[in-house]
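Coordinate analysis (summary)
Here's the letter readout for the chains.
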Amino acid sequence: MPRLKARFDRLSHLFLPLSVLVILLLINLIKGADYFKITMVNRVLYGNIPNILFGASELVILSIGMTLVTAAARGQDISIGESGAISSAIFVQYVLNAGEVTIWTILVGLLISCVAGIVIGAFNGTLVSFFNVQPMVATLILFLGGRSIAFIIDGKVSPILANPISNQIGTVIKGVPIQTPIILTAVFIVIVSVVLKVTNLRLYVEAVGINPNTARLNGINPKRVIFLTFLLMGICSAVAGFIAVNKVGRHDSVNLLKFIMMDAILAVALGGNSLSGGKFSITGSIIGAYTIEVLNRTLLRLEVNPEAIKAFKAVFIIILMVLASPVVRVYAKKVMDKAKAFVAGKAARQTGRLKKAVVSITDSSVKKEE
Amino acid sequence: MPSEIILKMEGICKSFPGVRALHNVDFVLRKGEIHALMGENGAGKSTLTKILNGVYEKDAGLIILEGKPVHFKSPQEAQNMGVGTVFQEIALCPNLTVAENMFIGRSRNAFVNWRQMNEKAAEMLGSLGIPASPTQELASCSIAVQQMIAIARAIDMDCKILILDEPTSSLDEDEVQKLFALMRELKARGVGIIFITHFIDQVYEISDRITVLRNGELIGEYETPELPQIELVSKMMGKALSDVSAMKKHEPPKSDDRVPVFEAKGLSSAVGVRPFDFSIHKGEVNGFAGLLGSGRSESVRAIFAADKVTGGEVKINGKRVKIKAPLNAMKLGIGYLPEDRKSEGVIDELSVRDNIILALQVMKGFFKPLSRKQAEEFANQYIKLLEIKTPSLDTPVKSLSGGNQQKVILARWLLTNPMYLILDEPTRGIDVGTKVEIQKLVLKLAQDGMSLTFISSEIDEMLRVCSRMIVMKDREIVGELSGADLTEQNVMQMIAQGGK
């Protein structure tokens, strides 16, 4: 029983994103009862849920990287969309110049674009960790200039990626009932969780994010850890760019992954992560990313004027952030404690064991104050 | 009565949750005197001055300023009544000009008359003899001049009392003299100055009177020329000179090994410790004695490479090694429990388990995480051994009491099984019971063959566990005591007289 409770406590930070997700899904259900309906078209599953998973794949991958950068560097990378645009431009050029396109061409292309992502990450990471530039300022450079670089790599406006394999990566592989980006995202999440399992990434990143000074005195090099998170962010950007460009089938250097860093940062915050670093939850960020996708689609489904969607989204986010703020949390806790005390007091009076209950209540409140 | 009294504090009491910071303290300041407020760490000096300038509210007592009882609710209010303060860290804005720093936030007007402000600043700088121009950017002034400008800001309005909290700690000898000249100038104008410092020589150079506090209680007020240095030290440390009964037998050095476990020659670090030699043998417990700011912490930090090491030669078991970063030191079997638990010891949001395994985990390497089960076993083992009181392994360490947090850090280092463990103030701010436990543990570890350095600002605690004492003063080693020579009296004498 105490074990179960401990596990529950560990998951308590997921309460906010999960409850938001549930509320959004309920709204959708009220709008139309067939919301969860999944249909089979040409032996592939389609429906609202698969569409959400499909649509959110890049955002999920990017929000994982953003979580790590935020936790260690206590700041955000705002160049992730541009970084994805550059690395996917390189991918497209490689594939277009490779002649016959096989699965190996695509894999090598992905690998090269990951290397490009790492180089971009190294650039940002060097500025942040070794030159102590604030993350947002450091990444502002590529945010402003990245799309021009991608355009130069493209050489012309929107090169078309017209080969059957890319098409299958962007949509479905024959005989597989689930759309490929969903599978790729799942694979990516599995890889990340394995990395977290076989390395000390979590301990190092959290230690550096909470107290770099102590981390240093215990043998961790904070600069290197921050640098590493930017490299990982680069890989995430490259993979997200890879999925995005295969989905669209052409490389549009101006619009590919445009402004996605805002959603990624929001996903991190929604997932219960502090934007000023420290302990992090990748599960939370993933749920946050899917929640944002659901929100976007819900607003569309409610037939909100596309021009007004952004305003609705903003209002929704303000409400969320206020609800999640420490001020409200403390207040909610107080109200809960009072309610508990009231219920406990009543129950005790009924059974005539008032004294004991009061003692236990005061005990617990004292503990909280400590 | 040589001059009139401008400030009287009577029966001041102040408690913080769990700590009694001040108990029934009286303090008197006269017009035109420099009054040194002395005491070791935690004696209550800062609390007393912060009550005077309105940062804290007193629990009980009376403050009488020029014959009228006053009650300040904020530093601004105190400032308006003529109580100015200059804190240890310069609280100015380096990117503003000198004049702006002197006057900003002072006026109630939304608009500033820049010309008038600069003129007024120039006049003040001139009259105080501060070598700075009003329109100069503050960052371009030397630290000493910045300190003087902070003082100028504090005394700007018809100042009667000036509190200087460690104003000299980051100044060199020349700069100190300049600051003293300014202090004498203010003294001549009739300002009462409260001077807090850890440098005893400076106290004797400039102050007229000394008030000594210890553990939140008033020890006494003395005329500076009538209080010999050694007596001042003994009053601060709470040991009477005649207290011979405190001479106890302690651990004799056990080791006959020729080769020391750790040996350093000419070690120095970027924070300004003079190059020093140091060695320690197997199973030995030594101490660094000296007042706060004497360089005792800086020295051990240099051993662990906690600050950037700038020179010196290090040998471990007779073999030359290079220690450039804490990780090198850890891999060579050195552990370091830092003085400042909150900012350098614990990682407060991480769990007790993660805090305990941290150092071991880092030594094992990035790609070799302990399994959850292993980590829990290790943590449980030390929680039991050190009797750490925690609700669970997953509890964030910040919700533990100070003593238990300290034990968590001790557990962290014991888990790495070091051959040489440095403990800087391991017993600060923790209750008496835990203190004794830690002292016992230190002696037991030494018996098992570990070498330890134990630093404490409580001298009797060090005498209980250390078999050799290195005495420091003004960032330099001034002597070493061991065997029969290691007595409180000798240690204090050495601190006071600098080994002469």
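Nothing here was measured: the structure is a model prediction, and the numbers come from that model. (Residues numbered from 1 in each chain as written. Chains lettered and ligands numbered in written order. Predicted model: local features only at pLDDT ≥ 70, side-chain atom pairs only at ≥ 80, totals over all residues.)

1. Observations regarding the overall build of chain B
Check the secondary structure of chain B and you find 17 helices and 20 strands. For chain B, the spread of C-alpha atoms along the three principal axes comes to 70 × 55 × 45 Å. Counting across all 500 residues of chain B, residues that qualify as buried make up 47%. Contacts in chain B between residues far apart in sequence, at least 24 positions, make up 69% of those at least 6 positions apart. (Helix = DSSP H or I, 4+ residues; strand = E, 2+ residues; numbered from the N terminus. Buried ≥ 20, exposed ≤ 12 C-beta atoms within 10 Å, placed from the backbone. Contact = placed C-beta atoms within 7 Å.)

2. What to know about the overall build of chain A
Counting its secondary structure elements, chain A contains 17 helices and 2 strands. Dimensions of chain A, computed from C-alpha atoms along their principal axes, come out at roughly 85 × 55 × 40 Å. Split into buried and exposed, the 370 residues of chain A put 41% on the buried side. Partitioning the intrachain contacts of chain A with sequence separation of at least 6 by distance along the chain shows that 75% fall at a separation of at least 24.

3. Digging into the sheet that holds strand β16 (residues 334-337) of chain B
All names here are of chain B. The strand order β16-β17-β18-β13-β19-β20 describes an open sheet built from 6 strands, whose pairing is mixed. Lying at the two open borders of the sheet, with one neighbouring strand each, are β16 and β20 (476-482). Ignoring which end each strand starts from, the neighbouring axes of this sheet average 15 degrees apart. Note that strand β19 (residues 468-473) and β20 share 6 bridges and pair antiparallel. Along β20, the bridge assignment pairs Arg468 with Ser482. (Pairing = 2+ DSSP bridges. Axes fitted to C-alpha atoms, helices over the stretch in contact; angles between N-to-C directions.)

4. Description of the interface of chain B and chain A
If you look at the interface, chain B gives 26 residues, while chain A gives 20 residues. Here the element with the most residues in the side of chain B that touches chain A is helix α12 (residues 352-364) of chain B; it accounts for 6 residues. Of the residues contributing to the side of chain B that touches chain A, the split by class is 16 nonpolar, 5 polar and 5 charged. (Nonpolar A, V, L, I, M, F, W, Y, C, P; charged D, E, K, R; others polar.)

5. With respect to the domain arrangement of chain B
Residues and elements named next belong to chain B. Per the domain assignment, the segments of chain B are domain 1 (5-227) and domain 2 (246-497). On a C-alpha basis, the centroid separation for the pair domain 1 and domain 2 is 35 Å. Contacts between domain 1 and domain 2 engage 6 residues on the former and 6 residues on the latter. Looking at the side of domain 1 that touches domain 2, its residues break down into 2 nonpolar, 3 polar and 1 charged. (Domains from an automatic or database assignment.)

6. Some details on the nonpolar core
With 233 residues, the main nonpolar core has Ala207 and Ala264 of chain A together with Ile149 and Leu162 of chain B as its most contacted residues. Among the elements that line this core, the one with the most residues is helix α12 (residues 222-248) of chain A, at 16 residues. Here Ile149 of chain B is in contact with Leu92, Val98, Asn101, Met102, Ile130, Ala132, Leu138 and Cys141 of chain B, once residues within four sequence places are set aside. (Core = buried A, V, L, I, M, F, W, Y, C linked by C-beta atoms within 7 Å.)

7. Examining the packing of helix α5 (residues 80-97) of chain A against helix α6 (residues 103-130) of chain A
How two helices pack is summed up by the angle between their axes together with the distance between the axes. Residues and elements named next belong to chain A. The N-to-C vectors of α5 and α6 enclose an angle of 145 degrees; their axes lie 8 Å apart at closest approach. Note that α5 runs across α6; the crossing there is right-handed. Across the interface between the two elements, Ser83, Ile86, Ser87, Ser88, Ile90, Phe91, Tyr94 and Val95 from α5 touch Thr105, Ile106, Gly109, Leu110, Ile112, Ser113, Ala116, Gly117 and Ile120 from α6. Split by residue class, the contact of α5 with α6 holds 10 nonpolar, 7 polar and no charged. (Left-handed = near helix turned anticlockwise from the far one by under 90°.)

8. Points about the domain arrangement of chain A
Domain boundaries in chain A define domain 1 (14-324) and domain 2 (329-369). Spacing between the C-alpha centres of domain 1 of chain A and domain 2 of chain A amounts to 45 Å.

9. Notes on the pairing of strand β7 (residues 161-165) of chain B
Residue and element names in this part refer to chain B. Within β7, 5 of the 5 residues are buried, which leaves the element mostly enclosed by the surrounding structure. Side chains of β7 alternate between two faces, with Ile161, Ile163 and Asp165 and Leu162 and Leu164 buried alike. When strand β6 (residues 83-86) meets β7, the two strands line up parallel, connected through 4 bridges. By the bridge assignment, Gly84 is partnered in β7 with Leu162.

10. Observations regarding the sheet that holds strand β3 (residues 34-38) of chain B
Residue and element names in this part refer to chain B. Pairing within the open sheet is mixed, and its 6 strands lie in the order β6-β7-β8-β3-β9-β10. Because the sheet does not close on itself, it has two edges, and the strands there are β6 and β10 (217-223). Geometrically, the sheet is characterised by an average inter-axis angle of 20 degrees between neighbouring strands, direction not taken into account. Alignment of β3 against strand β8 (residues 192-196), held across 4 bridges, turns out to be parallel. Within β8, the position partnered with Ala36 by the bridge is Phe195. Sheet strands in contact with helix α5 (residues 143-155) are β6 and β7, and its direction is about 160 degrees off that of β6. Against the sheet, helix α8 (residues 229-237) makes contact with β3, β9 (209-214) and β10, and its axis sits at roughly 30 degrees relative to β9, the strand it touches most.

11. Concerning the environment of Gly284 of chain A
Residue and element names in this part refer to chain A. Tracing the chain through its elements places Gly284 in helix α14 (residues 282-301). The exposure class of Gly284 is buried, given the 25 C-beta atoms found within 10 Å. The residues touching Gly284, leaving out its near neighbours within four places in the chain, are His13, Leu14, Pro17, Gly271, Gly272 and Asn273.

12. A closer look at the confidence of the model for chain A
Residue and element names in this part refer to chain A. Summing up the model confidence of chain A, the mean pLDDT is 88 and the portion of residues at 70 or higher is 91%. Taken element by element, the predicted model of chain A shows its lowest mean pLDDT in helix α17 (residues 354-369) (46) and its highest in helix α4 (residues 57-73) (97). A low-confidence stretch, residues 357-370 (pLDDT under 50), is modelled with 7 contacts involving residues beyond four sequence positions or located in other chains. (pLDDT = per-residue confidence, 0-100.)

13. A look at the pairing of β10 of chain B
Successive side chains on a regular strand alternate, one facing one side of the sheet and the next facing the other. Residues and elements named next belong to chain B. In this structure, β9 lies alongside β10, joined through 6 bridges in antiparallel fashion. The residue bridging Arg214 from the neighbouring strand is Glu217, located in β10. What sits between β9 and β10 in their antiparallel hairpin is a turn of 2 residues, with Asn215 showing a positive phi close to 50 degrees.

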